[in-house]
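Chain by chain, the residues run as shown.
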Amino acid sequence: MIWLAIILLLAVIALCGLLLGVFAQKYKVEGDPLAEKIDAILPQTQCGQCGFPGCKPYAEAIAKGEADINRCPPGGQEGVDKLAELLGVESKPLNAENGAETAPQVAFIIEDWCIGCTKCIKACPVDAILGSNQKMHTIISDECTGCRLCVDPCPVNCIIMKPRDEPWNWDKPQNPQQPQTPPPAPQPPQPTES
């Protein structure tokens, strides 16, 4: 009789273990839910100004308590305030050591100056640049996060930053490193009828 009770108890324990395993797989949470919420607030520029290689690593560091909430210039003070509200902590001013808050920007390639070196393509963390080797490049402005990581690698300074909401201006900025276009050659005098 005691053996029957032991077998029954082991069967119940095995069934509970099996059910726990099934429910653990079914309701498994990937990653850190707090880090996901923090990452959703960050601007996704992937610029690295916070000292981390992108927004997700910065969010994970904030969630673990390894980084402060005020290190994201693209998110600005509004982003710091939202993070403080999410985490239930007091807001603080944006850390000036990480950069100044600026209006949202987008990169723009002056295509006539582009030599097709592909250095900007390699630097772009969000694949917002189209082009190939020795061919003109262009920016997909809807994909550009304004991180500025493509500006410094450009050897001919053909990438500029513009405010995201600024209307398109067809006047190209003057680049002091680019030779100016010479004026058109004078036309020979036309014969006059006498």
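Cut-off values and rules
- Residues numbered from 1 in each chain as written.
- Predicted model: local features only at pLDDT ≥ 70, side-chain atom pairs only at ≥ 80, totals over all residues.
- Heavy atoms only, no water.
- Salt bridge = Lys/Arg side-chain N within 4 Å of Asp/Glu carboxyl O.
- Helix = DSSP H or I, 4+ residues; strand = E, 2+ residues; numbered from the N terminus.
- Buried < 20%, exposed > 50% of the residue type's maximum accessible area, 1.4 Å probe, protein only.
- UniProt positions renumbered as here; feature names shortened; annotations may be inferred.
- Contact = heavy atoms within 4.5 Å.
- Core = buried A, V, L, I, M, F, W, Y, C linked by side-chain atoms within 4.5 Å.
- Polar contact = N/O pair within 3.5 Å; in protein donor to acceptor, adjacent residues only side chain to side chain.

Some words on the pattern of salt bridges
Move 1: All told, the structure shown has three salt bridges when counted by the stated rule.
Move 2: Among the salt bridges present, the one from Glu-36 reaches Lys-56, with a minimum N-O distance of 2.4 Å. Taken as a pair, Glu-36 in helix α2 (residues 33–41) and Lys-56 in helix α3 (residues 55–64) lie far apart in primary sequence, 20 residues in all.
Move 3: Taking the shortest distance from any N to any O, the salt bridge between Asp-68 and Lys-92 comes out at 2.9 Å. With a gap of 24 residues between them, Asp-68 in the loop between α3 and α4 (76–87) and Lys-92 in the loop between α4 and β1 (105–109) connect regions that are remote in the sequence.
Move 4: When its relative accessible area of 31% is taken as the criterion, Asp-68 is described as partly exposed.

A few points about the UniProt feature "binding site: [4Fe-4S] cluster 3" (unreviewed entry) in the protein chain
Move 1: UniProt annotation of "binding site: [4Fe-4S] cluster 3" (unreviewed entry) refers to Cys-124, Cys-144, Cys-147 and Cys-150 when read in the numbering used here. Spatial clustering of the annotated residues is evident: they stretch over 27 residues in sequence, but the largest pairwise C-alpha distance comes to 10.4 Å.
Move 2: Along the chain, Cys-147 falls in the loop between β3 (138–139) and β4 (159–163).
Move 3: For Cys-147, a relative accessible area of 12% corresponds to the buried category.
Move 4: The residues touching Cys-147, leaving out its near neighbours within four places in the chain, are Thr-45, Cys-47 and Pro-125.
Move 5: Here Cys-150 shows up in the loop between β3 and β4.
Move 6: Of the residues examined, Cys-150 reaches a relative accessible area of 8% and is grouped as buried.

Some details on the UniProt feature "binding site: [4Fe-4S] cluster 1" (unreviewed entry) in the protein chain
Move 1: When the UniProt feature table is mapped to this numbering, "binding site: [4Fe-4S] cluster 1" (unreviewed entry) covers Cys-47, Cys-50, Cys-55 and Cys-72. The greatest C-alpha distance among the annotated residues, which extend across 26 residues, is 9.3 Å, indicating that they converge on a single site.
Move 2: Here Cys-47 lies in the loop between α2 and α3.
Move 3: If we ignore the near neighbours within four places in the chain, the residues touching Cys-47 are Pro-74, Cys-147 and Leu-149.
Move 4: In this structure, Cys-55 sits in helix α3.
Move 5: Once residues within four sequence positions are removed from consideration, Cys-55 is found in contact with Asp-39, Leu-42, Gln-44, Thr-45 and Gln-46.

Considerations on the nonpolar core
Move 1: Judged by nonpolar contacts, the single largest core of 19 residues is most densely connected at Ala-107, Ile-109, Ile-129, Cys-150, Cys-158 and Ile-159.
Move 2: Residue assignment for this core shows that the elements contributing at least two residues are β1 and β4.
Move 3: Here this core gets three residues from one element, more than from any other, and that element is β1.
Move 4: Each residue touching Ile-129, except ones within four places of it in the same chain, is listed here: Ile-109, Cys-120, Ile-121, Cys-124, His-137, Thr-138, Ile-139 and Cys-150.

Focus: the side chain of His-137
Move 1: Residue position: His-137 is located in the loop between β2 (129–130) and β3.
Move 2: A distance of 3.0 Å separates the side chain of His-137 from the backbone oxygen of Lys-135, its partner in a polar contact.
Move 3: Filtering out sequence-adjacent residues up to four positions away, His-137 remains in contact with Ile-109, Glu-111, Cys-114, Gly-116, Cys-117, Thr-118, Cys-120, Ile-121, Ile-129, Leu-130, Gly-131 and Ser-132.

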